Amino acid sequence: MSPERTPSAARGFTLVELGVVMMIVALLLGSVLYTLSGQLEQRSFEETRGRLETARELLLSYAIVNGRLPCPATATSSGDEVPLGGGNCTSPYGGFLPARTIGFQVVDPGGYAIDSWQNRIRYAVSAAVPVNSQSPRICRPVSDTTPPVAPHFTDRNNLKFQGIDCQPSDLIICRSATGITPTTCGGLANQVMTQNLVVAIVFSVGKNGSLACAPCVDEGANINGDQVFVSHTPAPAGATNGEFDDYLVWITVGELYGKLISAGVLP
């Protein structure tokens, strides 16, 4: 009869082995979370871009129906343009998308259009007033000495009377806030879109909200209330002019006129 075998003692993991396993698990988990985070950020960006494009189309549709572009909403107007009926906008460069006026559906409890990060969507429109001119862009006949009192693109009568020969837009889009002034990009090399080309801008202040980004120079140029804006690819927090995650879309003068002519609003 063979001798009885005793079971060998169970061998456990050493602390070193447990540490290695935990490190591998942590690396794998971190990789998954990083990938998921990136996917969520991309989804938020795509959703915001879609909302801005929808807003742009609604602005053009509003112009076709009403013969003018709407004024921006203000912080106290609950998503309505100010003033109602257009004309001299209260805040042409520093306002919000007039969601209620144009029928934009995705809004916060206050009635303001929002992006996927719950930030209010911004909107700027040209406040340029037609003037007598001998230039190729004649806005008023030289014989007409009546001083214009309302902007061209937010006043129905002005836009119809002046017609497509008038392009008095004042909005400018720059590549960087470096060297800009309240009315210029500081040089042709810094221009993305020059004066007389852009009539309206719709934009998101991005995930960081701009207002909470004190050293963000380029983003600051988009919310300071003047006619000069900055648009470029996203930049990290360590960039020369700080983090930049604003996203801008715009309507050109030519596009607006093309829509109005096709719809029979302008001859």
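Cut-offs used in this document
All residue numbers here refer to positions counted from 1 along the written sequence of the relevant chain. Only residues with pLDDT of 70 or above have their local features reported here, since the model is predicted, and side-chain atom pairs are shown and tallied only from 80 upward, although totals for entire chains, interfaces and linings are computed over all residues. To obtain the side-chain values, all non-hydrogen atoms of the structure were used and water was disregarded. Salt bridge criterion: a side-chain nitrogen from Lys or Arg within 4 Å of a carboxyl oxygen from Asp or Glu. Helix and strand definitions follow DSSP, with helices as H or I runs of at least four residues and strands as E runs of at least two, each counted in order from the N terminus. Whether a residue is buried, partly exposed or exposed follows from its accessible area with a 1.4 Å probe, protein chains only, as a fraction of its type maximum: under 20%, in between, or over 50%, in that order. Any pair of residues with heavy atoms lying within 4.5 Å of one another is described as a contacting pair. The disulfide criterion is simple: two cysteine sulfur atoms within 2.5 Å. Grouping buried Ala, Val, Leu, Ile, Met, Phe, Trp, Tyr and Cys residues that are joined through side-chain atoms within 4.5 Å yields what is termed a nonpolar core. Relevant arc is that of directions from the helix axis to the C-beta atoms, nothing else. Strand pairing is assigned whenever DSSP identifies at least 2 bridges connecting the two strands.

Q: How should the pattern of salt bridges be read in this particular structure?
A: It is possible for side chains bearing opposite charge to pair when their charged atoms get close. Taken as a whole and assessed by the stated rule, the structure comprises nine salt bridges. Between Glu255 and Arg56 there is a salt bridge; the shortest N-O distance is 2.7 Å. Residue Glu255 is found in helix 5 (residues 253-262), and its partner Arg56 is found in helix 1 (residues 15-66); the two are separated by 199 residues along the sequence. One salt bridge in this structure joins Asp108 and Arg120, with 2.8 Å as the shortest N-O distance. In this pair, Asp108 sits in the loop between helix 2 (99-102) and strand 2 (122-125) while Arg120 sits in the loop between helix 2 and strand 2, placing the two residues twelve residues apart along the sequence. For Arg120, a relative accessible area of 28% corresponds to the partly exposed category. It is possible to trace a salt-bridge network through shared partners that takes in Glu53, Arg56, Glu57 and Glu255.

Q: Would you take a moment to explain the side chain of Gln227 for this structure?
A: Mapping Gln227 onto the fold places it in the loop between helix 4 (217-220) and strand 5 (228-230). On the basis of relative accessibility, which here comes to 12%, the residue Gln227 falls in the buried class. If we ignore the near neighbours within four places in the chain, the residues touching Gln227 are Tyr93, Asp170, Leu171, Ile172, Pro182, Thr183 and Gln195.

Q: So what exactly am I meant to see when it comes to the state of the cysteines here?
A: Here, disulfide denotes a covalent bond that connects the sulfur atoms of two cysteines. Evaluated as defined, the whole model comprises two disulfides. Note on cysteine connectivity: Cys174 is disulfide-linked to Cys185, with sulfurs 1.9 Å apart. Where Cys174 bonds to Cys185 through sulfur, the torsion about that S-S bond is close to -90 degrees, and the disulfide is left-handed. A residue pair is termed long-range when its members are at least 10 positions apart, and Cys174 in strand 3 (residues 171-174) and Cys185 in the loop between strand 3 and strand 4 (191-204) qualify at eleven residues. Relative accessible area serves as the criterion here: at 0%, Cys174 is assigned to the buried category.

Q: Looking at this structure, I do not really get unusual backbone geometry. What am I missing?
A: Most peptide bonds take the trans configuration, and most residues that are not glycine carry a negative phi. Look at the link from Val82 to Pro83: it is a cis peptide, with omega at 0 degrees. For Pro83, the position within the fold is in the loop between helix 1 and strand 1 (95-96). The phi dihedral of Ser78 falls on the positive side, at around 55 degrees, and the residue is not glycine. Here Ser78 is to be found in the loop between helix 1 and strand 1. Relative accessible area serves as the criterion here: at 31%, Ser78 is assigned to the partly exposed category.

Q: Just to check I follow, could you spell out the nonpolar core for this structure?
A: The nonpolar side chains of a soluble globular protein tend to be buried, and buried together. One finds Leu69, Leu97, Val202 and Leu256 to be the most contacted residues of the largest nonpolar core, which totals 30 residues. The set of elements that each furnish at least two residues to this core consists of helix 1, helix 2, strand 2, strand 4, strand 6 (247-252) and helix 5. With six residues, the top contributor of residues to this core is helix 1. Apart from residues lying up to four places away in sequence, Leu256 is in contact with Leu60, Ala63, Leu69, Phe153, Val199 and Ile251. The next biggest cluster of nonpolar side chains, apart from the first, holds eleven residues, and it includes Tyr93, Leu171, Val198 and Ile201.

Q: Is there a simple way to think about helix 5 in this case?
A: One turn of the α-helix equals 3.6 residues, which is why residues spaced by three or four share an orientation. Along helix 5, the residues that are buried comprise Val253, Leu256, Tyr257 and Leu260. Along the axis of helix 5, the buried positions cluster into a sector of 95 degrees, meaning they face one direction only. Counted as exposed and oriented over 90 degrees from the buried face of helix 5: Gly254 and Ser262. Gly264, located one to two residues past helix 5, shows a positive phi value of around 80 degrees.

Q: Mind showing me how you'd approach the pairing of strand 3 here?
A: Two faces, one strand: in a regular strand the side chains alternate between the faces of the sheet. By the alternation rule, side chains of strand 3 split into Leu171 and Ile173 and Ile172 and Cys174, which are all buried. With three bridges connecting them, strand 3 and strand 4 associate as antiparallel partners. Residue Ile173 lies in a different strand from strand 4, and its bridge partner there is Met193. By the bridge criterion, three bridges tie strand 3 to strand 5 in an arrangement that is parallel. Along strand 5, the bridge assignment pairs Ile172 with Val228.

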